[in-house]
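# Secondary and tertiary structure notes
Given next are the chains, with one letter for each unit.
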Amino acid sequence: MFLASSQFLYFMEIMIFVSVIFMHMCKKNTSAVFLYMFQSSMLTLLLIIISIKEASLPFAMVTVFTFIIKVIIAPVFFLNLVKRHKFKFAVSTYLNMPMTLLTLTVLLTITHYKFLKPLVSLAPSKENLLLLSFATILASIFLIINRRGALSQMVGILSLENGIVSFASLAGLEENPGLQIGITFNLLVWVIIATVFVSMIYRKFGTLNVTTMKDLKE
Amino acid sequence: MVIIFLISAPLLAAILSLFVRRNSLLLEVFTITAAAIELVTGLVIAYSVHHKGSYSFTSYFSVDALGIILVMIIAVIGFVASWYSISYVREEAKEDIIGFSRVKQYYIFLNLFLFAMLSAVVTTSPIIMWVSIEGTTLSTAFLVSFYNKPEAIDAAWKYLIINSVGLLLGFFGTLLFFSPTIGVSDHHGMIHWQTILSNASTFNPFVAKTAFIFVLIGYGTKMGLVPMHTWLPDAHSNAPVPISSLLSGVLLSVAFYAILHFKVIVDSSVGTEFSQTLLIVFGSASVLIASFFILIQKDYKRLFAYSSIEHMGIMALGFGFGGIGAFAAILHMIYHSLAKPILFFSAGNIFLKYHSKEIANVRGTLSVLPITSITLLIGFLTITGVPPFGIFITKLYLLTAGIKEHPVVTAIVLFSFALVFAGFLRHVVSMIFGRNGESIPKGELNTGTILPSIVLVSILIILGFYLPSSIKLLIETAVSNY
């Protein structure tokens, strides 16, 4: 009963949002990976609650699959990458910390501006939850743009995907469970390919800072 | 049932290629056989669509008039690119640019790429379409970094990240499009294009507009519309030439096909003006920006890549203007798909001779590569819309469609066309007729590197003078559907 209460859902959505804020603030690659792991755990919990509410076994299976990919496999890939190449730090950002936090504040304010209110018509009873999910999406996009490290960009993309999944789940915009597993599998393939590329970048450029890649002409 | 053969042929070729050991010939046989099967099955489906209006198999696959045009573009260009690949990859292997493992990797990813594009076009599910288009990014990322040079890795990373972010935004937009179908789905819980379209009247207008913006940004990134185009010149210029021809001539159109699906839904919810305005804005920006880059280009592969951005802009503008503009856009899609591989194949032949992508380093190709120079010249005349080639007609239709309602945009576009022509003329003429100071061995590499271009040139010339009634009917049906 407690698990299904709206306060608990709200708490988890806050945790998902807060984790992306901490991703902006963290200075180590491993911290970013653990934050993604935490964010994915919260998302999985959210999905578990929805599957219990809907009493749907296929949806529960999707949740288990999501847990395996996002909370176990993807972080293991990233942590192995960090360990193999010994790249601990990912502090490099385009904006400094005060400006980053200010931008995040602006993004959060925008999502709660009346202009976006019609978007919550999808699930009026979950207005704040949906707006917070939308804020997670915007903050994740900003993370991808603001970070110079390839690994941070990857984590940003995965966080963006978490934000979209949480929004869709809360708004009831779900698809066939088979397709949801397909989407998560697609994510796994993406993680594998992106990890290979990060290794290639490190071997070629000796750093994960994407601003050092200046071989392109424009 | 034939649709299963269509999409499983490249997948099977990719799987079989995985088990090949030290035998390039087997890889080539698998690829060309799969491409031939795609071509034949595509023709069978085209026949069915021509007579019945659409082709469906179970509730998962359906091909309409525009769908079959895309299927045929994938099949024809896929076949020609596979054919060209054999000679091109052999030449690169001969020159020790690549080893067997790279050759194997190339054919596996080429087939996976074709499989993903075909799946995106024939599915009835927006989510499967999204997964398939994401699949095209994943299958081609390694092909962009194929030569393992720093700039290639740089381009591949840019390609992967920008397209992944774009497609995630497209995914978000796609999910928002599901809102009118909450509680409505088939017995498998799957949501089809038709399900969304038949419930479009219940779509909240604000959500519909927001969803379309996300979809346009998302798939527009894949399509190379300005300002989301930044990955495109890098990726297209670093990939192996046959892959560049597919990326440019086919994949961009597939992404546009996805946008058009959503356009129909948003149009029936909020009217046509909203989507048309957005397409005009993005389309005209793409044509204008690309024309400036074409003028100042120093790398011939990037020149052709920027030309793709321009042509995607033209297609977007066609649907933005509507009416005869939409007809022009689809016809333009066909001509562009046929013309762009000619340019890229010519670029490939030139690169194998001159070992440089710089325009300044390539001079006097007419004496070194006479047939390639002629195909390059025809490709240039076609792509810039010089009469009597088909693109002249489509550009004329486009300008006619736009001049009354959007005179300023039409004037800007006309100015851009002039810039593009001037840019291409300057670069191509210097490459073909310029004075060659170096002693580069004369003669074409082999027939396999020129025959595919000759075939495409022949098709282009025929279609430029005579558009079969069946193709015209398909385009007209597509225009009425979209």
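Residues numbered from 1 in each chain as written. Chains lettered and ligands numbered in written order. Predicted model: local features only at pLDDT ≥ 70, side-chain atom pairs only at ≥ 80, totals over all residues.

Our next topic: the overall build of chain A. Scanning chain A from N- to C-terminus turns up 7 helices and 0 strands. Helices and strands appear in chain A in the N-to-C order α-α-α-α-α-α-α. Computed over its C-alpha atoms, the radius of gyration of chain A comes to 18 Å, within 12% of the 17 Å expected for a compact globule of 218 residues. Based on the C-alpha atoms only, the size of chain A along its principal axes is roughly 50 × 35 × 30 Å. Counting only contacts in chain A whose residues sit at least 6 apart along the sequence, the fraction spanning at least 24 positions is 75%. (Helix = DSSP H or I, 4+ residues; strand = E, 2+ residues; numbered from the N terminus. Rg over C-alpha atoms; globule rule 2.2 N^0.38 Å. Contact = placed C-beta atoms within 7 Å.)

Within chain B, the regular secondary structure consists of 19 helices and 2 strands. In terms of overall size, chain B behaves like a compact globule, its C-alpha atoms giving a radius of gyration of 21 Å where 482 residues would be expected to give roughly 23 Å. Along the first, second and third principal axes, the C-alpha atoms of chain B reach 70 × 55 × 45 Å. For chain B, the residues scored as buried account for 62% of the 482 residues in total. Restricting to contacts in chain B with at least 6 residues of sequence separation, those with at least 24 account for 79%. (Buried ≥ 20, exposed ≤ 12 C-beta atoms within 10 Å, placed from the backbone.)

This part takes up the interface of chain A and chain B. On the chain B side, the residues contacting the 37 residues of chain A number 38 residues. For the side of chain A that touches chain B, the elements supplying multiple residues, two or more each, are α5 (127-146), α6 (150-171) and α7 (177-205) of chain A. A per-element tally of the side of chain A that touches chain B places α7 of chain A first, with 14 residues. When the residues that make up the side of chain A that touches chain B are grouped by side-chain class, the tally is 26 nonpolar, 6 polar and 5 charged. (Nonpolar A, V, L, I, M, F, W, Y, C, P; charged D, E, K, R; others polar.)

Looking now at helix α12 (residues 300-321) of chain B. Residues and elements named next belong to chain B. The first and last C-alpha atoms of α12 sit 31 Å apart over 22 residues, in line with the 32 Å expected at 1.5 Å per residue. Counting buried residues along α12, 22 of its 22 residues qualify, which places the element largely inside the surrounding structure. Remark: G322 follows α12 within two positions and exhibits a positive phi of approximately 75°. (Expected span 1.5 Å × (residues − 1).)

For the rest of this paragraph, the subject is the packing of helix α2 (residues 29-54) of chain A against helix α3 (residues 57-85) of chain A. Residue and element names in this part refer to chain A. Where α2 meets α3, the closest approach of the two axes is 9 Å, and the angle between their N-to-C directions is 175°. For the element pair α2 / α3, the angle class is roughly antiparallel. Together, N29, T30, V33, Y36, M37, S40, S41, T44, L47, I48, S51 and E54 of α2 and F59, A60, T63, T66, F67, K70, V71, P75, F78, L79 and V82 of α3 make up the contact between the two elements. Grouping the constituent residues of the contact of α2 with α3 by class yields 13 nonpolar, 8 polar and 2 charged. (Axes fitted to C-alpha atoms, helices over the stretch in contact; angles between N-to-C directions. Parallel < 35°, antiparallel > 145°, perpendicular 65-115°, else oblique.)

Right, let's get into helix α8 (residues 205-223) of chain B. Along an α-helix, residues three or four positions apart point the same way, because every turn accommodates 3.6 residues. Residues and elements named next belong to chain B. The first and last C-alpha atoms of α8 sit 25 Å apart over 19 residues, in line with the 27 Å expected at 1.5 Å per residue. By the criterion of burial, α8 is predominantly enclosed, with 14 of the 19 residues buried. The first or second residue beyond α8 is G224, which carries a positive phi of 85°.

It is worth spelling out the nonpolar core at this point. The biggest cluster of nonpolar side chains holds 244 residues, and the ones touching the most others in it are I69, V71, I74, M117 and I330 of chain B. I330 of chain B has contacts with L66, I69, I475, A478 and V479 of chain B, leaving out every residue within four places of it along the chain. (Core = buried A, V, L, I, M, F, W, Y, C linked by C-beta atoms within 7 Å.)

Right, let's talk about the confidence of the model for chain A for a bit. Overall, the prediction assigns chain A a mean pLDDT of 86, with 94% of residues at 70 or greater. Across chain A, the element-wise mean pLDDT spans from 87 in α7 of chain A up to 93 in α5 of chain A. (pLDDT = per-residue confidence, 0-100.)

The subject of this paragraph is the packing of helix α11 (residues 272-295) of chain B against α12 of chain B. Residue and element names in this part refer to chain B. Their axes nearest at 7 Å, the elements α11 and α12 cross at an angle of 155°. Classified by the interaxial angle, the pair formed by α11 and α12 is roughly antiparallel. Helix-helix and strand crossings are classified by hand; for α11 and α12 the assignment is left-handed. Along its contact with α11, which presents Q276, L279, I280, F282, G283, S284, S286, V287, A290, S291, F293 and I294, the element α12 presents L303, Y306, S307, I309, E310, M312, G313, I314, A316, L317, F319 and G320. Considered class by class, the residues forming the contact of α11 with α12 number 15 nonpolar, 8 polar and 1 charged. (Left-handed = near helix turned anticlockwise from the far one by under 90°.)

This next bit is on unusual backbone geometry. Residues and elements named next belong to chain B. With omega at 10°, the peptide bond leading from V226 into P227 counts as cis. Along the chain, P227 falls in the loop between α8 and α9 (231-238). Across the junction of P387 and P388, the peptide omega takes the value 10°, indicating a cis bond. As for its placement among the helices and strands, P388 is situated in the loop between α15 (370-383) and α16 (390-403). The phi torsion at N148 lies on the positive side, around 60°, for a residue other than glycine. Backbone geometry places H355, a non-glycine residue, at a positive phi of 55°. Counting through the fold element by element, H355 comes out in the loop between α13 (324-354) and α14 (365-368).

Now for the confidence of the model for chain B. Put simply, chain B has an average pLDDT of 93, and 98% of its residues get 70 or more. Two summary scores accompany this predicted model of the complex, namely pTM at 0.94 and ipTM at 0.92.

Our focus in this paragraph is the environment of A290 of chain B. Residues and elements named next belong to chain B. Along the chain, the position of A290 falls in helix α11. The exposure class of A290 is buried, given the 29 C-beta atoms found within 10 Å. Once the C-alpha coordinates of A290 and I309 are considered, the two residues, 19 residues apart in sequence, prove to be 6.1 Å apart. When sequence neighbours within four positions are dropped, the list of residues in contact with A290 reads Y306, I309, E310 and G313.

Attention shifts here to the environment of R435 of chain B. All names here are of chain B. With respect to the helices and strands, the residue R435 is situated in the loop between α17 (407-433) and α18 (447-465). Judged by the 7 C-beta atoms lying within 10 Å of it, R435 falls in the exposed class. Sequence-wise, R435 and T365 are 70 residues apart; in three dimensions their C-alpha atoms are separated by 9.1 Å. In contact with R435, not counting residues within four places along its chain, are R363 and G364.

Residue and element names in this part refer to chain B. Mapped onto the secondary structure, D299 falls in the loop between α11 and α12. On the neighbour-count criterion, D299 (20 C-beta atoms within 10 Å) is buried. Expressed as a C-alpha distance, the spacing of D299 and L467, which sit 168 residues apart in the sequence, is 34 Å.

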